[in-house]
Amino acid sequence: MPNLSSLSFWRPLVGALLLFYSACGLAKTEYDIKAAYLYNFIKFVTWPDGNDNEAPLQVCLFGKDPINEKLTPLANLRVNNRDLVVTKVADQSSLTACSVLYISREEERHAQQLIERVGNSPVLIVSDIPGFAKLGGTIGFITLGNVIRFDVNLTRSRSSRLSISSKLLELANQVVK
């Protein structure tokens with residue numbers, strides 16, 4: 001029986017799944033893959049008890065990004081018995097109302113300011129800005145060769161009172177502490 005908690009078990013499985021999705025035409029672009037990742041990130045994150053466990057999860061998109069059109073269909077899905085609501089936001093004052101904040105690469109010059117604006121609110125902050133997890137975001141997409149992976153900032157998740165499943169942490173390229 002394989003050790004299911006072993007990183008060596010999960011990495012090839014994730015790679016095989018991504019290849020399967022690509023081969024079947026389910027993931028046509030890097031943005032399809034990133035949208036699928038983001039949806040799955042939400043499945044493996046627990047928000048603090050103070051948040052209403054039946055209230056919709058607000059997925060906020062900040063800035064123009066090709067991934068936005070891929071994330072919009074998430075609004076028709078449920079995760080852990082909670083509806084997903086996807087909205088584009090331009091006003092920084094409403095960021096703490098988000099459950100998930102996706103910051104476009106276009107907003108790289110404002111990334112630090114946006115992260116600081118969210119503060120320690122329980123917001124999962126995700127982007128494909130280079131080095132995003134090291135900048136203070138929760139999860140940053142990275143590209144290794146032609147494979148999309150992600151880094152996780154564990155310090156950020158803890159200060160935001162977000163609990164990230166060990167299964168997701170094992171799949172991360174790097175966990176920033």
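In case you missed it, the structure is sitting above this.
Residues numbered from 1 in each chain as written. Predicted model: local features only at pLDDT ≥ 70, side-chain atom pairs only at ≥ 80, totals over all residues. Heavy atoms only, no water.

(A) Structural view of the side chain of lysine 34. Within the element layout of this structure, lysine 34 appears in helix H2 (residues 30–43). Looking at lysine 34, the relative accessible area reads 2%, which means it is buried. Every residue in contact with lysine 34, bar those within four places of it in the chain, is listed here: Ile67, Asp128, Phe141 and Ile148. (Helix = DSSP H or I, 4+ residues; strand = E, 2+ residues; numbered from the N terminus. Buried < 20%, exposed > 50% of the residue type's maximum accessible area, 1.4 Å probe, protein only. Contact = heavy atoms within 4.5 Å.)

(B) Focus on the state of the cysteines. Under the criterion given, the structure shown has one disulfide. The disulfide bridge from cysteine 60 ends at cysteine 98, spanning 2.1 Å between sulfur atoms. Handedness of the cysteine 60-cysteine 98 disulfide follows from its S-S torsion of about -105°: it is left-handed. You can see cysteine 60 sitting in strand S2 (residues 57–62) and its partner cysteine 98 sitting in the loop between strand S4 (82–89) and strand S5 (100–103), a full 38 residues away along the chain. Residue classification places cysteine 98 among the buried residues on the basis of a relative accessible area of 3%. (Disulfide = S-S within 2.5 Å.)

(C) Molecular detail of unusual backbone geometry. Phi at asparagine 81 is positive, roughly 65°, even though this residue is not glycine. Residue asparagine 81 is classed as exposed on the basis of its relative accessible area, which comes to 61%.

(D) Broad picture of the sheet that holds S2. With mixed pairing, the eight strands of this open sheet are ordered in space as S3-S4-S2-S5-S6-S7-S8-S10. Looking at strand neighbours, the two that pair on one side only are strand S3 (78–79) and strand S10 (174–176), the edges of this open sheet. Where S3 and S4 come together, two bridges link them in antiparallel fashion. When the sheet's bridge partners are listed, valine 79 is paired in S4 with arginine 82. Against the sheet, H2 engages S2, S3, S4, S5, strand S6 (124–127), strand S7 (139–144) and strand S8 (147–153), with an angle of about 35° to S8. (Pairing = 2+ DSSP bridges. Axes fitted to C-alpha atoms, helices over the stretch in contact; angles between N-to-C directions.)

(E) Fine view of the side chain of aspartate 128. Within the secondary structure, aspartate 128 is located in the loop between S6 and helix H5 (132–135). Leave out the neighbours within four places in its chain, and aspartate 128 touches Lys34, Asp65, Tyr102, Ile103, Arg105 and Phe141.

(F) A look at the pairing of S2. Taken across its six residues, S2 has five buried, putting it largely inside the fold. The pairing of S2 with S5 spans four bridges and is parallel. Opposite phenylalanine 62, over in S5, you have isoleucine 103 as the bridge partner.

(G) Expanded view of the pattern of salt bridges. Using the criterion set out here, one finds five salt bridges in the structure. For glutamate 30, the salt bridge identified is with lysine 34, shortest N-O distance 2.8 Å. Within this pair, glutamate 30 and its partner lysine 34 are both found in helix H2, separated by four residues, close to a single helical turn. One salt bridge connects aspartate 128 with arginine 105, and the closest N-O pair in it is separated by 3.8 Å. (Salt bridge = Lys/Arg side-chain N within 4 Å of Asp/Glu carboxyl O.)

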